[in-house]
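# Commentary on secondary and tertiary structure
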Amino acid sequence: MATDLHELLKSLRVWDPEVTVLPGFDPERAPDAPVELFADWFAEAVAAGEREPHTMSLATADEEGLPDSRIVMLHGADADGWSFATHATSRKGRHLAARPYAALTFYWPRLGRQVRVRGPVTSAPSGEAQADLHARSTGALAAALTGRQSEVLSSPEELAAVSRAAWEQAQADPTAESPTWTLYRLHPREVEFFQGEERRRHVRLSYRRDADRDGGGGGGGWSQQLLWP
């Protein structure tokens, strides 16, 4: 029997106040810089048992301005920005070459939290990208060496053969380079922290770059404001 999607959707509940307890969030105690709060929330997501807290949605737009989104892995977050990596020749790599602006979203359901980040994107020097790649697992290197991301695949057998060769190369040479592998940094202009509340009195704290204080260069202070949920 076919699944009744609408009935299934109606049966689901989110943050039922009878059985749900979410952490509080006092925006008055939030630090001046969003990356500090992000680091705290990330650590709390790990402690809460989120299975993949470092996964995030990456939204880009193509040359025509049409949006696209996919799940990628966070490689780092600091004063220089939020980092992720992919092939420059992939679909998202091509999008970023045409329109170097993106948005990220993290969702940690155990805590009822979201973090949204958006801003311009730049690519790190090739040496940093390769060093980042070599600091990861053999499987990650093998996947990068396989390459051809977003290209049309003729058959599963072709993928298996190319992947097998890439694994052998990665195991034999852990410092092998993938020329198109690129480390990207999103330099935030806006960062929003969303804390869910069982009775829907959610807290939304938005950080925005203060152009008056940093001269418009993106390297200075932040202003904060609360948003209606």
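For every chain, the first residue of the written sequence is number 1, and numbering continues from 1 along that sequence. Given that this is a predicted model, residues contribute local features only at a pLDDT of at least 70 and side-chain atom pairs are listed and counted only at 80 or more, while totals for whole chains, interfaces and linings are drawn from all residues. To obtain the side-chain values, all non-hydrogen atoms of the structure were included, while hydrogens and water were left out.

Moving on to a nonpolar patch on the surface. Nonpolar side chains collect at one region of the surface, where Leu5, Leu9 and Leu12 lie side by side and expose about 310 Å² of accessible area between them. Only DSSP runs of H or I reaching four residues or more are called helices, and only runs of E reaching two or more are called strands; each is numbered from the N terminus. Looking at where Leu5 falls in the secondary structure, it is placed in helix α1 (residues 5-11). Nonpolar side chains (Val, Leu, Ile, Met, Phe, Trp, Tyr) within 5 Å and like charges within 9 Å form the patches, drawn only from residues with over 30% relative accessible area and no salt bridge. All accessible areas in this document rest on Shrake-Rupley with a 1.4 Å probe, and a residue is counted as covered only by the protein chains that are shown. Every case where a carboxyl oxygen of Asp or Glu lies within 4 Å of a side-chain nitrogen of Lys or Arg is listed as a salt bridge.

On to unusual backbone geometry. Note on backbone geometry: most residues besides glycine have negative phi, and most peptide bonds are trans. Phi at Arg148 takes a positive value of approximately 60°, unusual for a residue other than glycine. Counting through the fold element by element, Arg148 comes out in the loop between α5 (138-146) and α6 (156-172). For Ser150, which is not a glycine, the phi torsion comes out positive at approximately 80°. Mapping Ser150 onto the fold places it in the loop between α5 and α6. Here Ser150 falls in the partly exposed class, since its relative accessible area comes to 42%. Working definition: with a 1.4 Å probe on protein chains only, accessible area under 20% of the residue-type maximum means buried, over 50% means exposed, and in between means partly exposed.

This paragraph deals with the pattern of salt bridges. Evaluated as defined, the whole model comprises 10 salt bridges. The shortest N-O distance in the salt bridge between Glu190 and Arg208 comes to 3.4 Å. You can see Glu190 sitting in strand β8 (residues 190-195) and its partner Arg208 sitting in strand β9 (residues 203-209), a full 18 residues away along the chain. Salt bridges here are not isolated pairs; linked through shared partners, they connect Asp68, Arg70 and Arg91.

By definition here, a helix of n residues has an expected span of 1.5 Å times n minus one. Over its 14 residues, helix α2 (residues 34-47) runs 20 Å from end to end, which matches the ideal 20 Å to within 8%, given 1.5 Å per residue. Directly beyond the C-terminal end of α2, a positive phi value near 90° is found at Gly49.

The subject of this paragraph is the nonpolar core. In this structure, Trp82 and Val115 are the most contacted members of the largest nonpolar core, which totals 30 residues. Contributions of two or more residues to this core are made by α2, β1 (55-61), β4 (81-87), β5 (101-108), β6 (113-123), β7 (181-186), β8 and β9. Among the elements that make up this core, the one with the highest residue count is α2 (five residues). Listed in part, the 13 residues of the second largest apolar core include Ala85, Ala129, Leu133 and Ala176. Residue types Ala, Val, Leu, Ile, Met, Phe, Trp, Tyr and Cys, when buried and joined through side-chain atoms within 4.5 Å, form a set referred to as a nonpolar core.

Now for the packing of α5 against α6. To define axes, lines are fitted to C-alpha atoms, for helices over the stretch in contact only, and angles between the resulting N-to-C directions are given on a 0 to 180 degree scale. Contact geometry of α5 with α6 gives a least axis separation of 8 Å together with a crossing angle of 125°. Here α6 runs oblique to α5, going by the angle between their axes. Judged by the sense of rotation from one axis to the other, the crossing of α5 with α6 is right-handed. Within the contact between the two elements, α5 uses Thr138, Gly139, Leu141, Ala142, Leu145 and Thr146 and α6 uses Leu159, Val162, Ser163, Ala166, Trp167, Gln169, Ala170 and Gln171. Residue classes follow a fixed rule: Ala, Val, Leu, Ile, Met, Phe, Trp, Tyr, Cys and Pro count as nonpolar, while Asp, Glu, Lys and Arg count as charged, and any other residue, Gly among them, counts as polar. Partitioning the contact of α5 with α6 into residue classes produces eight nonpolar, six polar and no charged. Small angles under 35 degrees read as roughly parallel and large ones over 145 as roughly antiparallel, with 65 to 115 read as roughly perpendicular and the rest as oblique. In a left-handed crossing the near helix is turned counterclockwise from the far helix by less than a right angle, and in a right-handed crossing that turn is clockwise. Between two residues, a contact is recorded if the distance between any of their heavy atoms is within 4.5 Å.

Okay, the packing of aromatic side chains next. Aromatic ring pairs: the centre-centre distance and the angle between the two ring planes describe each pair. In this analysis, rings of Phe, Tyr and Trp, with Trp reduced to its six-membered ring, are considered paired at centre separations within 6.5 Å, and the interplanar angle assigns stacked below 30 degrees, edge-to-face beyond 60, and tilted for intermediate values. For the structure on display, the rule yields 12 aromatic pairs. Aromatic pair Phe42 and Trp108: ring centres 6.2 Å apart, planes at 75°, arrangement edge-to-face. In this pair, Phe42 is assigned in helix α2 and Trp108 in strand β5, connecting sequence segments 66 residues apart. Given the relative accessible area of 23%, Phe42 is considered partly exposed. Take Trp108: its relative accessible area is 0%, and that puts it in the buried class.

What follows is about the environment of Asp26. In this fold, Asp26 is placed in the loop between α1 and α2. Residue Asp26 is classed as partly exposed on the basis of its relative accessible area of 38%. Separated by 55 residues in the primary sequence, Asp26 and Gly81 have C-alpha atoms spaced 24 Å apart. Within the structure, the side chain of Asp26 is placed 3.0 Å from the backbone nitrogen of Glu28, a separation counted as a polar contact. For this analysis, a polar contact is any N or O atom pair within 3.5 Å, provided that within protein one partner can donate a hydrogen and the other can accept it, and provided that sequence-adjacent residues contribute only side-chain to side-chain pairs.

Take it as geometry only, folks, not as evidence of what the structure does.
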